[in-house]
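Summary of the model geometry
Now for the letters of each chain:
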Amino acid sequence: MKRKITIIGSGFSSLSAACYLAQAGNQVTIFEKNSSPGGRARQMHQDGFVFDIGPSWYWMPDVFEKFFSDFGKKPSDYYQLERLDPGYQVYFGKDDSMLIGDSLEKIYAEFEKVEAGSAKKLKRFIGKAAHNYKIAIDELVYRPGISPLELVTPDTIKKLGYFFTTVKREVVKEFKNPKLAQILQFPVLFLGAKPSNTPAFYNFMNYADFGLGTWHPKEGMYSIVKGMVALAESLGVKIELNSPIDSILVKNKKTFGVKIKGKEILSDVVLSGALAPRLTGSTAQSTTTATPLQVLARMSRKLDEQNVDTRGRWICLDPVFIEMLKDEDSRLLNADFGGAGLMNGLLAANIHGFRVYQSNNLPKVGTGPGTSGVTAQDDNYGIIVCGHD
């Protein structure tokens, strides 16, 4: 039965869902709040320059190949890829870095230069990671994610031990040099997880990194968005830009449409590709339950609403907030890669558009000038001060 489907947002997940739903014969419309599609993978045009403001690396090319092949297409129908050499360079300090080349042989040699015997260990490690990658892609990744039982397959049962130890534990058991250990723990951060509490099975991300390599579209990351938009539109998907969602319409615990600029748009199904805290109504979290990253995102949106220049934004946080941010399962200020410890000064160059500073000298809630009647986002986070250059 043909259904009318509304999709909120036009990021990668929304565009791919729209393609599959349209292919199945549904009437699909995407509503995007911005003036261009792509979600977090949009472009910024300023002073005659064009910037990709989304992802920097193109990993797991096989996933993109499968997506386009489901519609009888190839990535090369829309964009051209090149494998980067080096894929990237890891800096540990001034004049102290390692190159991650475009082949396993180059990477083995680089490891061997740092720690004798590590090339042999890495070959064994990557062999296991490659096997886990095949299991993950063939049996797990494309399941709907409704139940933990989806992780139980004959192959994962054989790998049961990998689910009772962590990525970090397995890495440091084999690689004693801290630089090599850090490099091998790095890829799992792309899953939004910490190596210290992620099952070792997820070392398949090391194969995605070293084995499959780091790529980049020749015309920039936004060419992927252009390709997916072209495919979606060829399947009959309509994309409405400059259409921010006021709320999702719900009756008797069932969605029946969305409200945009005060107008109700009815549909049989509403699929949201937006972050939950960005949606008003029952989907929004209160400030008392918001995570540190969500608080920063809200601060950024507040500045957007006040038309504050996006250039040169800064935010100053107290040590408690920073500790909570580091404890959060994110790759931004991960405790496993936190450097020499907390101190006053710049901690991160860009989190939600802010340069992030820490200060031990911020006033307590309501004690600063002009703060009469002002409450913090959360008393546990302390005072948050932000502005722009």
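Because the structure is predicted, anything quoted here is derived from the model rather than measured. (Residues numbered from 1 in each chain as written. Predicted model: local features only at pLDDT ≥ 70, side-chain atom pairs only at ≥ 80, totals over all residues. Heavy atoms only, no water.)

Further remarks concern the nonpolar core. Residues F111, L122, F175, L184 and F210 are the most contacted members of the largest nonpolar core, which totals 34 residues. Mapped onto this core, the elements with two or more residues apiece are β6 (88-93), β7 (96-100), α3 (104-114), α4 (118-140), α6 (167-174), α7 (178-185) and α8 (204-211). Ignoring anything within four residues of it in the chain, the contact list for F210 reads R83, Y88, I100, L104, I107, F111, L122, I126, I183 and L184. (Core = buried A, V, L, I, M, F, W, Y, C linked by side-chain atoms within 4.5 Å. Buried < 20%, exposed > 50% of the residue type's maximum accessible area, 1.4 Å probe, protein only. Helix = DSSP H or I, 4+ residues; strand = E, 2+ residues; numbered from the N terminus. Contact = heavy atoms within 4.5 Å.)

So, about the packing of aromatic side chains. A full pass over the atoms with the stated rule returns 25 aromatic pairs. Aromatic pair F49 and F51: ring centres 6.4 Å apart, planes at 40 degrees, arrangement tilted. On the basis of relative accessible area, F51 is assigned to the partly exposed category, the value being 38%. By the ring-pair criterion, three or more aromatic residues cluster together here, those being Y20, Y58, F64, F67, F68, F71, Y78 and Y79. If you follow K66 out to its NZ or CZ, it ends over the ring of Y142, 4.7 Å from the centre. (Phe/Tyr/Trp six-rings, centres within 6.5 Å; stacked < 30°, edge-to-face > 60°. Lys NZ or Arg CZ within 6 Å of the ring centre and 35° of its normal.)

This part takes up α7. For α7, every residue scored as buried is listed here: L180, A181, I183, L184 and Q185. Among the structural elements, β6, β7, α3, α4, α6 and α8 are those in contact with the buried residues of α7. The N-cap of α7, judged by a side-chain oxygen 2.9 Å from the amide nitrogen of K179 a few residues on, is N177. (Polar contact = N/O pair within 3.5 Å; in protein donor to acceptor, adjacent residues only side chain to side chain.)

Time to look at helix α2 (residues 61-69). Every buried residue belonging to α2 is among P61, F64, F67 and F68, and all of these are buried. Viewed along the axis of α2, the buried residues span an arc of 120 degrees, placing them on a single side of the element. Of the surrounding secondary structure, the elements contacted by the buried residues of α2 are α1 (12-23), β8 (215-217) and α9 (222-234). (Arc of directions from axis to C-beta.)

So, about the sheet that holds strand β9 (residues 238-240). What the four strands build is an open sheet, ordered β9-β2-β1-β13; its pairing is parallel. Looking at which strands have only one partner, the edges of the open sheet turn out to be β9 and β13 (269-272). On average, each strand axis in the sheet is tilted by 20 degrees relative to the strand beside it, whichever way the strands run. Sheet analysis places strand β1 (residues 4-8) next to strand β2 (residues 27-31), joined by five bridges and oriented parallel. The partner of K4 across the bridge, within β2, is Q27. (Pairing = 2+ DSSP bridges. Axes fitted to C-alpha atoms, helices over the stretch in contact; angles between N-to-C directions.)

This brings us to the packing of α6 against α7. Here α6 crosses α7 at 150 degrees, and the two axes come no closer than 9 Å. Taken together, the axes of α6 and α7 lie roughly antiparallel to each other. The way α6 lies across α7 gives a crossing that is right-handed. Side by side, α6 and α7 meet where K168, V171 and V172 of the first sit next to A181, L184 and Q185 of the second. (Parallel < 35°, antiparallel > 145°, perpendicular 65-115°, else oblique. Left-handed = near helix turned anticlockwise from the far one by under 90°.)

Residue placement: Q358 occurs in strand β16 (residues 354-358). For Q358 and D318, which are 40 residues apart along the polypeptide, the C-alpha to C-alpha distance reads 5.6 Å.

Let us look at the packing of α4 against α8. For the pair α4 and α8, the least separation of the axes is 7 Å and the interaxial angle reads 110 degrees. The pairing of α4 with α8 is recorded here as roughly perpendicular in orientation. In this structure, α4 uses L122, F125, I126, A129, A130, N132, Y133 and A136 to contact α8, whose residues at the interface are F204, N206, Y207, A208 and F210.

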